[in-house]
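# What the coordinates show
Read off the chains here:
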Amino acid sequence: MSTTLCTTPARRGRRRSALTAAALATTMLTGISLVGLSTPAHAEDGNTYFKTEQEVIDFLSQSAPLNQQEAVNGYPVNGLDSQEVKLDDVEKVYPHDQALKDVPSKLGSGFELAQAAPTEGGPSITTEGPDIRKSSSDDKEPWLSNWDAKSMCGQPSHNPDGKPMPCGFVGVLDTKYPTMQTSAAVMGKAQFSYKTQATVGQDTSQTSGWSVGGKVSSELTTPGGPGGGKGGTELNFTYSESTTTTNKWTTMTEQNNTYDVPDGVSGWVEGRANGGKYIGYIVYKLDFVDGSGNEKQKMVLIPARVLIQAPGNAVPMTFVKRQG
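Here's a quick rundown of the structure. (Residues numbered from 1 in each chain as written. Predicted model: local features only at pLDDT ≥ 70, side-chain atom pairs only at ≥ 80, totals over all residues. Heavy atoms only, no water.)

## Here we look at the overall build of the protein
Short version of the rule: Each helix corresponds to a stretch of at least 4 residues labelled H or I by DSSP, and each strand to a stretch of at least 2 residues labelled E; elements are numbered beginning at the N terminus. Each residue is placed in one exposure class: buried if its accessible area under a 1.4 Å probe, protein chains only, is under 20% of its type's maximum, exposed if it is over 50%, and partly exposed if it falls in between. The contact rule is simple, with two residues in contact once any of their heavy atoms fall within 4.5 Å. For the accessible areas, the method is Shrake-Rupley and the probe is 1.4 Å, while residue cover comes only from the protein chains on display.
When helices and strands are counted, the protein shows five helices and 15 strands. Split into buried and exposed, the 324 residues of the protein put 39% on the buried side. Within the protein, counting contacts between residues at least 6 apart in sequence, those at least 24 apart form 80% of the total. In the form shown here, the protein has an accessible surface area of approximately 17,400 Å², with 53% of it arising from carbon and sulfur atoms.

Given below as structure tokens:
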């Protein structure tokens, strides 16, 4: 015998109301749980920040992509690392044999060494080298009274028919978006205001044979010591433009920002160069005529590290918020 459950209209209405209320409660609970979640690069208030170096690199790679290999026409007086660079460190990532193959394609046919047989009774042409130096400080040229490489770059050739001494730089990417400025860390929960600005100027002392580039003067103003107040840091650095540069750096306008640091974490601001440090070789080709009228040629490679701007980016720096 089967039993059929019968309900009145009033009872059915009460059931529908109960089901509707349960569904609304479930929806509200789900919504609350989603509101509490945040992406790794965002604080709960929506401020963008980065916890790791890789997050910073990934972010900057979108707006200022870097080439794995770069070259600079002329002596890289701008952006040249003042710290000594050793040959052993360069050879590990960019062997000089590979650099010699890259030089003509990156810097032009002027770096090719001519081969010629001596004419009867005439001068001979001797090609020596390559002359691979042991460090960046080993830049004196024994063929020319120990002139340094910067002084020789672009000078007239000793060969009456030769072109000015060509020079340049070839290298591979060593450091992406180096940190140029860092504010003091602030422990949260806190809020502080900061101001950023960067101006770009050309090096007016450049002479023939030196690379194109310039100087960046940057200012990062953040809160000072205990009790508040203002404190700021200024930074000057130089950079080179590569053979692939399509968009020169321009001055950044002054910007005022506010940084909300969540409770229990440390927050700070970093100024990162929109460029990379490249490790490789300053290269020059030397044509020399001795006292007997004999011509000698050689290619010289000097270890170096150079800061080069991102080829297509128009501003010198990006200021990012960090937390740790």
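## A short note on unusual backbone geometry
Leaving glycine out, the prevailing phi sign among residues is negative, and the prevailing peptide bond configuration is trans. The omega torsion across Gly188 and Lys189 is 15 degrees, close enough to zero to call that bond cis. Inspection of the secondary structure assignment puts Lys189 in the loop between strand 7 (186-187) and strand 8 (190-202). With phi around 55 degrees, Ser145 is a residue other than glycine that occupies positive phi space. Within the secondary structure, Ser145 sits in the loop between strand 3 (140-141) and strand 4 (147-148). Classification of Ser145 as exposed rests on a relative accessible area of 67%. Its identity as a non-glycine residue notwithstanding, Tyr177 has a phi of 45 degrees, on the positive side. Using a relative accessible area of 1% as the deciding quantity, one classes Tyr177 as buried.

## Notes on the nonpolar core
We apply this condition: We define a nonpolar core as any set of buried Ala, Val, Leu, Ile, Met, Phe, Trp, Tyr and Cys residues linked to one another through side-chain atoms lying within 4.5 Å.
Tyr75, Phe169 and Tyr284 are the most contacted members of the largest nonpolar core, which totals 31 residues. Among the elements of the structure, helix 2 (53-63), helix 5 (149-152), strand 5 (167-176), strand 13 (275-289) and strand 14 (295-309) are those that each provide at least two residues to this core. Setting aside chain neighbours within four positions, we find Tyr75 in contact with Leu80, Ala149, Lys150, Cys153, Cys167, Gly209, Trp210, Ser211 and Ile282. Formed by 20 residues, the second largest nonpolar core is a distinct cluster that contains Phe237, Met252, Ala273 and Met317.

## What to know about the state of the cysteines
Quick reminder of the rule: Two cysteine sulfur atoms form a disulfide, by the criterion used here, when they sit within 2.5 Å.
Within the structure shown, the criterion is met by one disulfide. Disulfide pairing is shown between Cys153 and Cys167; the S-S distance is 1.5 Å. In this pair, Cys153 is assigned in the loop between helix 5 and strand 5 and Cys167 in strand 5, connecting sequence segments 14 residues apart. The exposure class assigned to Cys153 is buried, which follows from its relative accessible area of 4%.

## A look at the environment of Glu254
Relative to the elements of secondary structure, Glu254 occurs in strand 11 (residues 252-261). Of the residues examined, Glu254 reaches a relative accessible area of 42% and is grouped as partly exposed. Remark: the alpha-carbon pair of Glu254 and Thr199, spanning 55 residues in sequence, is separated by 9.6 Å. Not counting chain neighbours up to four residues away, the residues in contact with Glu254 comprise Lys195, Thr196 and Gln197.

## Comments concerning helix 2
For an α-helix, 3.6 residues make a turn, and residues three or four places apart therefore share a direction. Just so we agree on the cut-off: Directions from the helix axis toward the C-beta atoms define the arc.
Among the residues making up helix 2, those that are buried are Val56, Ile57 and Leu60. The buried side chains of helix 2 occupy one side of the element, clustering within an arc of 95 degrees when seen end-on.

## Points about the packing of aromatic side chains
Two numbers describe a pair of aromatic rings. These are the distance of the centres and the angle of the planes. Note the following rule: Only centres within 6.5 Å qualify two rings of Phe, Tyr or Trp (six-membered ring in Trp) as a pair; their planes then separate them into stacked at under 30 degrees, edge-to-face at over 60, and tilted for everything else.
Considering all chains together, one arrives at five aromatic pairs under this definition. With centroids separated by 6.0 Å and ring planes inclined at 40 degrees, the aromatic side chains of Tyr94 and Tyr281 adopt a geometry described as tilted. Remark: Tyr281 occurs in strand 13 and Tyr94 occurs in the loop between helix 3 (87-93) and helix 4 (96-107); sequence separation between them is 187 residues. Judged on exposure class, the residue Tyr94 and its partner Tyr281 are both buried. An angle of 50 degrees between the planes, with centres 4.5 Å apart, marks the rings of Tyr239 and Trp249 as tilted. Residue Tyr239 is located in strand 10 (residues 230-240), and its partner Trp249 is located in the loop between strand 10 and strand 11; the two are separated by 10 residues in the primary sequence.

## Considering the side chain of Lys298
Quick note on the threshold: Two N or O atoms form a polar contact when they lie within 3.5 Å of each other; inside protein one atom must be a possible hydrogen donor and the other a possible acceptor, and for residues adjacent in sequence the pair counts only when both atoms belong to side chains.
Structurally, Lys298 is set in strand 14. Using a relative accessible area of 4% as the deciding quantity, one classes Lys298 as buried. There is a polar contact of 3.0 Å between the side chain of Lys298 and the side chain of Glu141. Those residues in contact with Lys298, other than ones at most four positions away along the chain, are Leu113, Glu128, Asp131, Arg133, Glu141, Pro142, Trp143, Tyr284, Lys285 and Leu286.

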